[in-house]
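# Structural features, examined
Each chain, written out:
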Amino acid sequence: MANQSSDIVIVGGGVIGLSLAYRLALEKASVTVLEKGQIGQEASIAGAGILAPQAEMDQMSPLTELCVASRSLYAGFVQEFVSRTGLDIEFSKSGLLYVALSETEQIELGKRYQWQRKFGLLVHQLTRQEALQVESGLSPEVRAALFFPEEAYVDNVRLLEALKIACGLLQVRLVTGCQATSIKSEGPRIKGVNTNLGLWAAEKVIIAAGCWSSMIDSPLPYKVPIKPARGQLIAVKPPALFLKHIVYSANGYLVPRRDGRVFLGSTVEWVGYDKNVTLEGLHHIIFWTLAIFPEMKSFAFSSCWAGLRPYCEDGVPVLGSAEIEGLYFATGHFRNGLLLAPITAKLMTDLIITEKLPKLLESFSPTRFKPN
Ligand SMILES: Cc1cc2nc3c(=O)[nH]c(=O)nc-3n(C[C@H](O)[C@H](O)[C@H](O)COP(=O)(O)OP(=O)(O)OC[C@H]3O[C@@H](n4cnc5c(N)ncnc54)[C@H](O)[C@@H]3O)c2cc1C
């Protein structure tokens, strides 16, 4: 397959690479996605589908702003794929209940309430009784809760399917079994990507390779420091519809699905590229789940799995252009890549097409890793 070419090559066919490919193709660019395995089968399919900046973020920051902006784009983002593909992606603005089981957790919730109100985010403080009216199966140990009406979830498996179809409809080339090994450049300009299938020539290359993003060699004087953070999840099948909202605690979360299943998660583990499900991981998830919903102990186990989140060493995504003209990064989304897909696609497309840096991206540039 030597000497293939495209205006734009995206390395990585996860939710980030596909969302960006779709948005760039809408701008009439010729786009190719190179994927070392199968499309969408890594972190993006393993995720729980929660779209929850207010539950995930501990303070106002550029990342919080980015997450909130992305959540506000989600309904429109999903609707685009529903109308293009006819697939029901199961986007639900279910709201999220964040419970406290100890005094310390209750104090933390109080702080979260204060800073979010200060920045005008919608959140309600609930007593134990009020929390029980939101989700009736809660343990009597729950002391208080916050309710975030704008938090939502999406069925990420269906979203990936829709993204793949929508990319196909816009003539995006999805090349599977193609592993990028190094960036090819001439002087300050990019020329393409070397792969196991030969050179893929391109004027612009975007690295969206998830937790493998730092493994692609480049002439840059630094590596973008991304590493894998394993997360394990369990699905259970309650006998009747059990959960109406997403439920969080300091130790993990539960997410409903329309077919009645409930996903329980998750772990954050630093075990390299090991994607095994472990008894320790399952034990951790089951232990804290039963502390919140004791009656779940009789629910039928459905399945379990693990995935590798892309974590950047400063905890913040890497979004923007690097010192080689035509080279971009869109990676390091860690726990929030499904949430951040719409805003990443939109702002990175603006940057690539106009070559002007959108204000919301200013804090995320890969050039922050340049040695002094
Ligand atoms: C258990 C778990 C729960 C999660 N829950 C949520 C959640 O509820 N909400 C949320 O917003 N986020 C969640 N996340 C995080 C989210 O899934 C990730 O942030 C997101 O999927 C990252 O997308 P990506 O496209 O960057 O990476 P990936 O989906 O990993 O895609 C990267 C792709 O690049 C390919 N690739 C890598 N190297 C190369 C190469 N050299 N050449 C070609 N292809 C290459 C890989 O094969 C892969 O397909 C969760 C993650 C996990 C694991």
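Our next topic: the packing of helix H1 (residues 15-26) against helix H9 (residues 337-354). In the contact formed by H1 and H9, the axes pass within 8 Å of each other and the chain directions differ by 40°. Regarding the angle of H1 to H9, the classification is oblique. Both H1 and H9 take part in a crossing whose hand is right-handed. Packed against H1, whose contacting residues are Val15, Ile16, Ser19, Leu20, Tyr22, Arg23 and Leu24, the element H9 presents Gly337, Leu338, Ala341, Pro342, Thr344, Ala345, Lys346, Met348, Thr349 and Ile352 at the interface. In terms of residue class, the contact of H1 with H9 is made up of 11 nonpolar, 4 polar and 2 charged.

Turning to the environment of Thr127, a few remarks are in order. Relative to the elements of secondary structure, Thr127 occurs in strand S5 (residues 124-127). For the pair Thr127 and Leu146, spaced 19 residues apart in sequence, the C-alpha separation works out to 8.7 Å.

Another point: the site of the ligand. With respect to spatial proximity, 41 residues lie near the ligand, and among them Gly12, Gly14, Gly210, Gly231 and Gly337 are the closest. Contributions of two or more residues to the shell around the ligand are made by H1, strand S2 (31-35), helix H2 (43-46), strand S12 (226-237), strand S16 (300-312) and H9. Residues of the shell around the ligand, tallied by class, amount to 18 nonpolar, 18 polar and 5 charged. Composition of the shell around the ligand by domain shows at least three residues from each of domain 1 (4-49 + 157-224 + 314-369) and domain 2 (94-150 + 227-312).

By the bridge criterion, 7 bridges tie strand S1 (residues 4-11) to strand S11 (residues 198-207) in an arrangement that is parallel. Looking at the pairing, Val9 lines up with Val205 of S11. As defined by bridge partners, strand S10 (residues 189-195) adjoins S11 across 4 bridges and the pair is classed as antiparallel. Paired with Gly192 across the bridge in S11 is Ala201.

Of the consecutive residues Gly265 and Ser266, the connecting peptide bond is found in the cis state with omega at -10°. One non-glycine residue, Glu90, lies in positive phi territory at about 55°. Position of Glu90 relative to the elements: it lies in the loop between helix H4 (62-85) and strand S4 (96-100). A residue is classified by how many C-beta atoms lie within 10 Å of it, and Glu90, with 17 of them, is partly exposed.

Moving on, we come to the pairing of strand S9 (residues 180-186). The pairing of S9 with S10 spans 6 bridges and is antiparallel. Counterpart to Ala180 in the pairing with S10 is Thr195. Where S9 folds back on S10, the antiparallel hairpin that results is connected by 2 residues, among which Gly187 adopts a positive phi of roughly 60°.

Basis of the calculations
Residues numbered from 1 in each chain as written. Predicted model: local features only at pLDDT ≥ 70, side-chain atom pairs only at ≥ 80, totals over all residues. Axes fitted to C-alpha atoms, helices over the stretch in contact; angles between N-to-C directions. Helix = DSSP H or I, 4+ residues; strand = E, 2+ residues; numbered from the N terminus. Parallel < 35°, antiparallel > 145°, perpendicular 65-115°, else oblique. Left-handed = near helix turned anticlockwise from the far one by under 90°. Contact = placed C-beta atoms within 7 Å. Nonpolar A, V, L, I, M, F, W, Y, C, P; charged D, E, K, R; others polar. Near = placed C-beta within 6 Å. Domains from an automatic or database assignment. Pairing = 2+ DSSP bridges. Buried ≥ 20, exposed ≤ 12 C-beta atoms within 10 Å, placed from the backbone.

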